[in-house]
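These are the residues of each chain, in order.
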Amino acid sequence: MDIREIAKRAKVSTATVSRTINRVPTVDPQLAKRVWKVVDELGYYPNTQARALVSGKTRIFGLIVSEITNPFFPEIVQSFEDIAVQHNYEILLTSTIHEPKRMESSVRRMIERRVEGVAVLTFGMEESLVADLRFRKVPLVFVDVGPPVPHVSNIRINYQHGIRQAVQHLAALRHQRIAFVSGPLALKSAQARKAAFAESMREIGMRVDPELIFEGDHTMEGGIRALKHLAQLPSRPTAIMCSNDMTAIGVMREAYDFGISIPQELSVVGFDDVRLAQFMIPPLTTVQMSQSQLAKLAFKALLDQVESDKPPATGIEYLLDTSLVLRKSTALAPSSSGRSE
């Protein structure tokens, strides 16, 4: 079955069939309707590889995430794919698990598949690892680390806004000893969240106590280790802010084992607002960084580049805001006389 048979049955030229299947907008609507009717009747599926060879367009976008098992990323993937389908694009998905060699393998596979653009939503994978894509002038979009060069867009996260709200919220609840559990500080995104926390504390005249800063790894296990450490300090914190929700969930899990009630004895705040956060007991107060909005911005950035005749010399920057979502894992700080140290 090929387009010649479709053209014969629809009583149109093969060129009309080709333009219809490729969704060229100048095709006469009545002719296109006849073509699609025959396509449906015959169950015809275009040979996308052959079509790509002719047009030079694969209509495939690459999507690279850190780890698909982290609940933050599936919603990004789903939203990105939904938008791609709406625009008649496919996605080639891979996760790096923070391994440079795996990243290099992913990049090579995407080059072989001739992707038209790649969204690198890894929160810390260095731009040097995708030199091959830049060399081939493949449009790229990064989070926070995109360099100001042609063919590269950058989504800048406004960590400060949501974290400032969280710190002010805890201060209003009379918390004096506020701990912060960061992500791995080799990641620029983790550094940015830690810096936003320190700046927000300074803004309201509160001291950042070095013993209340713990470097985690953005996992539940890291949150468990953080709580074990912080709970055994001579003067433990009354509130803990975490660099992501998975860390906060680990903190809450270990607090249960320590017999520390949340939020009566310890307030906990996360970051990301993964879907799981609202189903915790108690539901987790967190800073929302919309995964669906991040996916929309990433797809828009790639599409804008693909459809642009001349990319800007310094790329394009997009801004994603953050905001506090109040639930039930925060409360008034316990009085010093009512706490066990």
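Our subject is the structure that appears above.
Remember, it's a predicted structure, so these values are computed and weren't measured experimentally. (Residues numbered from 1 in each chain as written. Predicted model: local features only at pLDDT ≥ 70, side-chain atom pairs only at ≥ 80, totals over all residues. Heavy atoms only, no water.)

**What about the overall build of the chain?**
For step 1, the next point in the chain: Of the regular secondary structure elements, the chain holds 12 helices and 12 strands.
For step 2, the next point in the chain: Relative to its full complement of 341 residues, the chain shows a buried share of 49%.
For step 3, the next point in the chain: Across the chain, the fraction of contacts at a sequence separation of at least 24, relative to all contacts at a separation of at least 6, is 70%. (Helix = DSSP H or I, 4+ residues; strand = E, 2+ residues; numbered from the N terminus. Buried < 20%, exposed > 50% of the residue type's maximum accessible area, 1.4 Å probe, protein only. Contact = heavy atoms within 4.5 Å.)

**A closer look at the packing of aromatic side chains**
For step 1, the next point in the chain: Per the counting criterion, the structure on display carries 7 aromatic pairs.
For step 2, the next point in the chain: Summarising the aromatic geometry, the rings of Phe 72 and Phe 73 are spaced 5.3 Å apart at their centres and angled 85° between planes, so their arrangement reads as edge-to-face. Accessibility assignment for this pair places Phe 72 and Phe 73 in one class, buried.
For step 3, the next point in the chain: A connected cluster of aromatic rings, assembled from ring pairs, spans Phe 61, Phe 80, Tyr 89 and Phe 299. (Phe/Tyr/Trp six-rings, centres within 6.5 Å; stacked < 30°, edge-to-face > 60°.)

**Description of the side chain of Ser 243**
For step 1, the next point in the chain: Here Ser 243 lies in the loop between strand 8 (239-242) and helix 11 (245-258).
For step 2, the next point in the chain: On the accessibility criterion, Ser 243 (1% relative accessible area) is buried.
For step 3, the next point in the chain: Side-chain polar atoms of Ser 243 contact the side chain of His 218, separated by 3.0 Å.
For step 4, the next point in the chain: Not counting chain neighbours up to four residues away, the residues in contact with Ser 243 comprise Phe 180, Val 181, Ser 182, Gly 183, Arg 193, His 218 and Phe 271. (Polar contact = N/O pair within 3.5 Å; in protein donor to acceptor, adjacent residues only side chain to side chain.)

**A look at the sheet that holds strand 9 (residues 267-272)**
For step 1, the next point in the chain: Pairing in this open sheet of 6 strands is mixed, and the strands run 7-6-8-9-10-12 from one edge to the other. Two strands bound the open sheet, and with one partner strand each, they are strand 7 (213-215) and strand 12 (323-325). Recorded for the sheet is a direction-independent mean angle of 20° between the axes of neighbouring strands.
For step 2, the next point in the chain: Sheet topology note: the strand 9/strand 10 (residues 285-288) ladder contains 4 bridges and is parallel. Along strand 10, the bridge assignment pairs Phe 271 with Val 287.
For step 3, the next point in the chain: Its contacts with the sheet place helix 8 (residues 159-172) against strand 6 (178-182), strand 8, strand 9, strand 10 and strand 12, and it is angled at close to 45° to strand 12. (Pairing = 2+ DSSP bridges. Axes fitted to C-alpha atoms, helices over the stretch in contact; angles between N-to-C directions.)

**Describing the pattern of salt bridges**
For step 1, the next point in the chain: The tally for this structure, following the rule as stated, stands at 14 salt bridges.
For step 2, the next point in the chain: Between Glu 41 and Lys 37 there is a salt bridge; the shortest N-O distance is 2.6 Å. In this pair, Glu 41 and Lys 37 are both assigned in helix 3 (residues 29-42), 4 residues apart and thus about one turn of the helix distant. Each of the two residues, Glu 41 as well as Lys 37, counts as exposed.
For step 3, the next point in the chain: Several salt bridges converge on common partners, so that one network encompasses Arg 177, Arg 207, Asp 209 and Glu 211. (Salt bridge = Lys/Arg side-chain N within 4 Å of Asp/Glu carboxyl O.)

**Quick word on the packing of helix 8 against helix 9 (residues 188-203)**
For step 1, the next point in the chain: It is the contact of helix 8 with helix 9, at a shortest axis distance of 9 Å, that shows an interaxial angle of 45°. In terms of orientation, helix 8 and helix 9 fall into the oblique class. Here the hand of the crossing between helix 8 and helix 9 comes out right-handed. Mapping the contact onto sequence places Tyr 159, Gln 160, Ile 163, Arg 164 and Val 167 in helix 8 and Ser 189, Ala 192, Arg 193, Ala 196, Phe 197, Glu 199, Ser 200, Met 201 and Glu 203 in helix 9.
For step 2, the next point in the chain: Its residues placed into classes, the contact of helix 8 with helix 9 shows 7 nonpolar, 3 polar and 4 charged. (Parallel < 35°, antiparallel > 145°, perpendicular 65-115°, else oblique. Left-handed = near helix turned anticlockwise from the far one by under 90°. Nonpolar A, V, L, I, M, F, W, Y, C, P; charged D, E, K, R; others polar.)

**Some points on the nonpolar core**
For step 1, the next point in the chain: Formed by 71 residues in total, the largest nonpolar core has its most connected members in Phe 80, Ile 155, Ile 240 and Leu 294.
For step 2, the next point in the chain: When residues in this core are grouped by element, the largest group, 8 residues, is from helix 12 (residues 291-307).
For step 3, the next point in the chain: With residues near it in sequence (within four places) discarded, Ile 155 still touches Val 141, Phe 142, Val 143, Asp 144, Leu 294, Leu 297, Ala 298, Tyr 318 and Leu 320.
For step 4, the next point in the chain: With 14 residues, the next largest nonpolar core counts Met 110, Val 118, Leu 140 and Val 152 among its residues. (Core = buried A, V, L, I, M, F, W, Y, C linked by side-chain atoms within 4.5 Å.)

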